[in-house]
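This is what each chain is made of:
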Amino acid sequence: MIFVGEGALLWRAVRHTLDGGLPVDLVCGPSTGVPAVRPDAPFLEVTDVNTAAAELAAAGTDGIVWSLNNRMIFRSLLLSGGLRVLNIHHGPLPAYRGLPEVALVHAMLHGEREFGATLHQVEEGVDTGPRLAADHYPIGPDEPFQVVLRRGLETCHRLFERCLPLVAADPDWTGEPTLASTGPGRYFGREALARLDQYRGDPGFARATNPGFSAGYFPEFVAALR
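The shown structure was predicted, so the numbers you read here are calculated from the model rather than taken from an experiment.

Cut-offs used in this document
Residues numbered from 1 in each chain as written. Predicted model: local features only at pLDDT ≥ 70, side-chain atom pairs only at ≥ 80, totals over all residues. Heavy atoms only, no water. Helix = DSSP H or I, 4+ residues; strand = E, 2+ residues; numbered from the N terminus. Contact = heavy atoms within 4.5 Å. Polar contact = N/O pair within 3.5 Å; in protein donor to acceptor, adjacent residues only side chain to side chain. Patch = residues over 30% accessible without salt bridge, like charges linked within 9 Å, V, L, I, M, F, W, Y side chains within 5 Å. Areas by Shrake-Rupley, 256 points an atom, 1.4 Å probe, with all protein chains shown as cover. Salt bridge = Lys/Arg side-chain N within 4 Å of Asp/Glu carboxyl O. Buried < 20%, exposed > 50% of the residue type's maximum accessible area, 1.4 Å probe, protein only. pLDDT = per-residue confidence, 0-100. Axes fitted to C-alpha atoms, helices over the stretch in contact; angles between N-to-C directions. Parallel < 35°, antiparallel > 145°, perpendicular 65-115°, else oblique. Left-handed = near helix turned anticlockwise from the far one by under 90°. Nonpolar A, V, L, I, M, F, W, Y, C, P; charged D, E, K, R; others polar.

### What about the environment of Glu 123?
Inspection of the secondary structure puts Glu 123 in the loop between β7 (114-121) and β8 (131-138). Ignoring sequence-local partners within four residues, the contact set of Glu 123 consists of Leu 79, Thr 128, Gly 129 and Pro 130.

### Observations concerning the side chain of Asp 25
Relative to the assigned elements, Asp 25 resides in the loop between α1 (7-19) and β2 (26-29). Within the structure, the side chain of Asp 25 is placed 2.6 Å from the backbone nitrogen of Met 1, a separation counted as a polar contact. Those residues in contact with Asp 25 that lie beyond four places of it in its chain are Met 1, Ile 2, Pro 42, Ala 59, Gly 60, Thr 61 and Asp 62.

### Section: a nonpolar patch on the surface
Side chains of Leu 153, Phe 213 and Tyr 217 sit close together on the surface and give an oily, nonpolar patch of about 310 Å² of accessible area. Leu 153 gets classed as partly exposed once you look at its relative accessible area, which sits at 32%.

### Considering the confidence of the model for the chain
Mean pLDDT over the chain stands at 91; residues scoring 70 or higher make up 94%. Mean pLDDT in the chain bottoms out at helix α8 (residues 219-224), which sits at 86, and peaks at strand β4 (residues 64-68), which reaches 98.

### Side note on the packing of helix α4 (residues 100-109) against helix α5 (residues 145-169)
It is at 11 Å that the axes of α4 and α5 come closest, and there the two elements cross at 120°. Regarding the angle of α4 to α5, the classification is oblique. When you trace α4 past α5, the crossing you get is right-handed. Contact residues: α4 offers Glu 101, Leu 104, Val 105 and Met 108, while α5 offers Phe 145, Val 148 and Leu 149. The residue makeup of the contact of α4 with α5, split by class, is six nonpolar, no polar and one charged.

### Focus: the pattern of salt bridges
Applying the stated criterion across every chain yields a total of seven salt bridges. For Glu 101, the salt bridge identified is with Arg 71, shortest N-O distance 2.6 Å. Highlighted residues: Glu 101 in helix α4 and Arg 71 in the loop between β4 and α3 (76-79), separated in sequence by 30 residues. The partner of Asp 135 in a salt bridge is Arg 162, with the nearest N and O atoms 3.0 Å apart. Separated by 27 residues along the polypeptide, Asp 135 in strand β8 and Arg 162 in helix α5 bring together distant segments of the chain. Of the residues examined, Arg 162 reaches a relative accessible area of 32% and is grouped as partly exposed. Each of Asp 135, Arg 162 and Glu 176 takes part in one network of salt bridges that share partners.

So this is what it looks like as structure tokens:
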């Protein structure tokens with residue numbers, strides 16, 4: 001298995017996979033995301049995973065690529081090379097596609113009382129591939145963004161833990177039958193981030209935009225709130 005992404009969510013998944021006796025063929029991502037806890041995991045520094053399509057194709061032993069906390073977009077060259085790319089997306093698809101932190105803020109501003117994580121197969125669209133599995137979690141009416149985000153990250157990791165053995169046993173696993181495919185849904189990207197200012201008069205704005213511990217991870221998000 002190959003892993004692409006960065007940060008704690010990626011490396012928790014790598015550690016869980018290795019501790020479970022499953023192979024990790026390669027980990028790809030920015031150099032800033034490399035911890036010292038798993039020096040036994042081969043690492044390839046990339047800022048655009050598509051430039052390493054040949055390396056990924058050569059390294060993979062089971063054809064599976066896991067994408068976790070990954071902001072790089074997979075393009076046709078890599079997706080057509082025989083690898084199956086599975087992404088853990090923080091957000092219920094298709095309703096909340098795009099940047100997870102932007103989608104979560106809008107969900108809270110829209111009064112959602114539930115959010116979630118989705119495992120889907122990556123296609124050339126952004127967060128549009130067939131859904132394979134999903135888990136949901138509650139949003140408390142008075143909880144700030146940072147609290148909800150932490151719960152969401154834990155949900156993402158639990159979803160990975162739940163689906164890893166299913167994919168390991170069957171790399172062609174088609175997922176939970178009720179989640180087979182979806183439409184495009186709504187997309188929350190940088191344009192939606194730029195529109196956050198229009199919600200400043202909303203009584204829930206301060207609660208929904210309090211980054212707390214995550215401020216350093218989302219500089220664009222923090223800058224948009226200034």
